[in-house]
Each structure stands twice: as C-alpha cells, then as structure tokens.
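Chain residues, written in single-letter form:
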Amino acid sequence: MDFKTLEGGVCAAKGFKASGVYCGIKENPTKKNDIAMLVADVMCNTAGVYTQNKVKGAPVIVTKKNLEKSGGKAKAVIVNSKNANTCNADGEEKANEMCRLTADALGIKPEEVIVASTGVIGQVLPIEPIKAAVPQLMEKLSYTGNLEAATAIMTTDTVKKEYAVEFEIGGKVCRMGGMAKGSGMIHPNMATTLNFITTDCAVSVPMLQKALSEIVKITYNCLSVDGDQSTNDTCMLMSDGLAENPEITAEGAEFDTFKAALYQVMANLTRMLAKDGEGATKLLTCVCSGAPDLDTAIIVAKSVIRSPLFKCAMFGSDANWGRILCAIGYAEADFDINKVDVSLASKAGKINVCANGAGVDFSEDEAKKILTEDEIDIYIDLKLGNEKATAWGCDLTYDYVKINGDYRS
C-alpha cells in the first residue's frame, strides 16, 4: 500500500509543535541543538516500546512509570542528547525533574510528559542547563519546528532522520510523521534507538500499542549496526485524534490501513538509521524469502545483517558468499541449508552466488562492480514457504573504530 509522503516530520500531523535549542549539556563549539521539546495541542493516546537491556536509562524507567500512571496519556516530550542519564545514582531524580519542569511550563501533570535521553553512559546529567532551556523551548515551539527537534536528538548521526505520510481513515484525511536518531550502539531487540512518531488519526490506546508492537517487530527490530543494544532505546507513538475520524478501537480494514501507514514511516526511518551507521559507507538490505513462517525469515535476515565478517566483506566489495552462508547456518531457526539460494544486487546489477547451499560460477569482476555501489541488496531464498522479511544494516569500516575509540571526547 502506497501513501503520499509529506514534509514536516513529527509536525506533519495536525496539532503538534516542536522546538530545539542548544543548552550546553556538553560543551560544543558548534552550538548544535542538544535538547528538544514536542507538544500536542490536546492530550494524546500514547504507546511505547523500550530497550530490553537489563541496564535501562533512567528516562526509560520514568517514562514507563508515567504512562502507567496516566493510563497511556501524554501531551509532551522532552528529550536531550549528549548524555544518556544512565547508570547514575540520581538518574531518576533528574528524569523526573525534566518532566516536572516541562509540566509546570505547560500546566499539565508530570506523568503526562515523556522523557528521553541519549549520549554518553555513566556521566551525571547536569540539570541546570536543562532548567534554563525549558523557557527557550517553550518560546520556540512551532508547527514547523520539526527540523530543530530532529537536529537536537542527534549524537554521532551525520544527518537528521524524518519521514511523514498522508492516508485516509473513515473518510478523513490523516497524517503521520516521525523523527529518529541513532548511528551506533544499534542492535535489533525492541525499539532500537530513539524514535518519536505522531499522528492525528484517532486510535485507542490498546490498538495504538498493538500496532506499534507489531510494526516494531518488522522494522526497528530488524535493524543492526554493530551488535550492541542501547540502554536507552525508546519508541513512542502519540495520537491526538484531530483528524476527527471515528476512533479505531478494533481490528479491521481501517486498522490495517493505519498499520500500513505506520510501517511506511517506521521502515523508512529504519532504512535511514542503517544508512547512517557510524562510519558506514554502504546501506545493506537483506531480504529472506521462501520461509515457512515470519519468525524464521526475520531470524535468518537478521543473522546475516549483523555478521561482522559479512559486514567487513561488504566494506571491501568482496563477494565472499561463504560468510553469508555461515551467518545463515548459525541462525537459530529450522530450515534446510542445502536448499538455500543467495544472490547479491545493486543498481549496477544482480548476480547469483549460491544455489542449493553450494557455490556457483560467477564473475568476480561483475560481483565487484555490483558491490562497489553504496546500497547493496542481499537476497536469500530458503525455498520452504511463502513468508519473507527484510533486515537493514551497514558495512563495518575503519571509521567505526575511530568514532568509538574517542566517543567520550
């Protein structure tokens, strides 16, 4: 299902304002935005998914508690970069204070605020710069403030990540848009990176949560840059209902349309996150088809996309298909490796490198030409069924080591 794409990111949906400023959480001579605010005109039904890392950032803990208290209602988001507020004795106190400062400025309850942080782990988060920034954020709130907000949540990201679409539900035009951040410490397992998605489509809290959980499974959870899962992973979906469609409260055709729109937003953001992996030069997309069930397809595609040896081979434009078979072989799923076909493709062409689990003759020169492009597709056919899944990642380069060798400086 195709939808009309829009500009505006998290402000594309009716009734959402955003802003971003530099407050100095970490000294930065470029004065790049490091704190953002997102505010809805009315209270929103809200759903979320979070990291499954046993070490959880204080903002993750506080946001989950807030949504439990409010019954899945939220009106605002405050999010900072440069400091993850994780593994700090006063972490929850600081996260709660960020909620209180935002709530006081807006005249709402602290539990109606979502808080998120990203950056260095284990460094105390200074609250004074944030306290000083809240009035500035309030003053700059705008229905066109999405760019300032999307920039503020970036850490080692080299580009902002936004996507929005338009669709129709119950005869009403609805919009949905999101922003995401993430470049490193990305591994698929429940809400990779920080992601905020807004919609003016009216959807009940239970159905919003159901849609988000289902689409996360086949988008963000199928993303891997380096095999390290963040402590602060958060994905929030907010619905203000201002499109005035009849509220979606059950499964059916309208819910399917909503999920399709959500998939388009989240899949495109996932692709952007993969392409902007730390030090990356190539976007890798692995499609596993012919699977007996969806879970098998996901497991196999993810196994390949997160293989360090395969990622290195792609950096070197080396059609070392044995590394792909190796990664398929240790995937924790049931299939017959002797039936597996593999091919590699890019805008320069497509080449088969493996049939029925064994190598086939192919031109190394042609393969090199295909793999020299900056977007590579890997196709795997298990030949066992009709299910398929896609996973996204990037190559592993010298620059990844350089970036992470001095991440705190």
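A quick note: this is a predicted structure, and the numbers were derived from the prediction, not measured. (Residues numbered from 1 in each chain as written. Predicted model: local features only at pLDDT ≥ 70, side-chain atom pairs only at ≥ 80, totals over all residues. Heavy atoms only, no water.)

Our next topic: the overall build of the protein. What the protein contains, in helices and strands, is eleven helices and 16 strands. Taking 409 residues into account, the globule formula puts the C-alpha radius of gyration at 22 Å, and the protein, at 22 Å, falls close to it. Structurally, the protein occupies a C-alpha span of about 70 × 50 × 35 Å along its principal axes. When each of the 409 residues of the protein is scored for burial, the buried share is 57%. Sequence-distant contacts, at least 24 apart, represent 81% of the contacts inside the protein between residues at least 6 apart. Counting only carbon and sulfur atoms, one obtains 49% of the accessible surface of the protein, whose full area is about 16100 Å². Charged side chains of the protein number 43 positive and 53 negative; the gap between the two group centres comes to 3 Å. (Helix = DSSP H or I, 4+ residues; strand = E, 2+ residues; numbered from the N terminus. Rg over C-alpha atoms; globule rule 2.2 N^0.38 Å. Buried < 20%, exposed > 50% of the residue type's maximum accessible area, 1.4 Å probe, protein only. Contact = heavy atoms within 4.5 Å. Areas by Shrake-Rupley, 256 points an atom, 1.4 Å probe, with all protein chains shown as cover. Lys, Arg positive; Asp, Glu negative; His and termini not counted. Charge placed at Lys NZ, Arg CZ, Asp CG, Glu CD.)

So, on to helix 8 (residues 308–315). Listed in full, the buried residues belonging to helix 8 are Phe 310, Lys 311, Ala 313 and Met 314. Across the axial projection of helix 8, the buried residues extend over an arc of 160°, all falling on one side. Positive backbone phi, approximately 55°, marks Ser 317, located one or two places after helix 8. (Arc of directions from axis to C-beta.)

As summarised here, the arrangement of the seven strands in space is 9-16-11-15-12-13-14, forming an open sheet in which the pairing is mixed. Because the sheet does not close on itself, it has two edges, and the strands there are strand 9 (223–224) and strand 14 (358–359). Strand direction decides the pairing type here: strand 11 (residues 283–291) and strand 16 (residues 387–394), joined by seven bridges, are antiparallel. Residue pairing in the sheet places Ala 291 in a bridge with Glu 387 of strand 16. Here helix 7 (residues 294–305) sits on the sheet and contacts strand 9, strand 11, strand 15 (375–381) and strand 16; the angle it forms with strand 16, its principal contact strand, is near 20°. Strand contacts of helix 10 (residues 364–371): strand 12 (341–346), strand 13 (349–355) and strand 15, with the helix running at about 120° to strand 13, the strand carrying the most contacts. (Pairing = 2+ DSSP bridges. Axes fitted to C-alpha atoms, helices over the stretch in contact; angles between N-to-C directions.)

Now for unusual backbone geometry. Phi at Lys 31 is positive, roughly 55°, even though this residue is not glycine. Note on placement: Lys 31 falls in the loop between strand 2 (16–21) and strand 3 (35–50). Positive phi outside glycine occurs at Asn 85, with the angle close to 50°. Checked against the element boundaries, Asn 85 lands in the loop between strand 4 (73–80) and helix 2 (91–106).

Once that is clear, we can look at the packing of aromatic side chains. Taken as a whole and judged by the stated rule, the model has three aromatic pairs. Judged by centre distance (6.1 Å) and plane angle (80°), the rings of Phe 3 and Phe 167 are edge-to-face. Here Phe 3 is found in the segment before strand 1 (4–6), whereas its partner Phe 167 is found in strand 6 (residues 161–169), with 164 residues between them in sequence. Exposure class is identical for Phe 3 and Phe 167. Each is buried. Ring plane angle 65° and centroid distance 6.3 Å describe the contact between Phe 167 and Phe 258, whose orientation is recorded as edge-to-face. (Phe/Tyr/Trp six-rings, centres within 6.5 Å; stacked < 30°, edge-to-face > 60°.)

What follows covers the pairing of strand 4. When you tally the buried positions in strand 4, you get seven out of eight residues, the bulk of the element. For strand 3 and strand 4, the ladder comprises seven bridges, and the chain directions are antiparallel. Note that in strand 4 the partner of Met 37 across the bridge is Ile 78. Here five bridges tie strand 4 to strand 5 (residues 113–117), and the two strands are oriented parallel to one another. Considered in strand 5, the bridge of Val 77 is made with Ile 114. Taken together, strand 4, helix 2 and strand 5 constitute a β-α-β crossover, and its handedness is right-handed. (Right-handed = clockwise from strand over helix to strand, strands pointing away.)

Another point: the nonpolar core. Phe 167, Phe 258, Val 342 and Ile 380 are the most contacted members of the largest nonpolar core, which has 74 residues in total. The dominant element in this core, judged by the number of residues it contributes, is helix 6 (residues 253–275), at ten residues. Apart from residues no more than four positions distant in its own chain, Phe 167 is found in contact with Phe 3, Lys 172, Val 173, Cys 174, Arg 175, Met 176, Thr 199, Cys 201, Thr 257, Phe 258 and Ala 261. Counting 26 residues, the second-largest nonpolar core is a separate cluster that includes Ala 13, Ala 18, Leu 38 and Ala 40. (Core = buried A, V, L, I, M, F, W, Y, C linked by side-chain atoms within 4.5 Å.)

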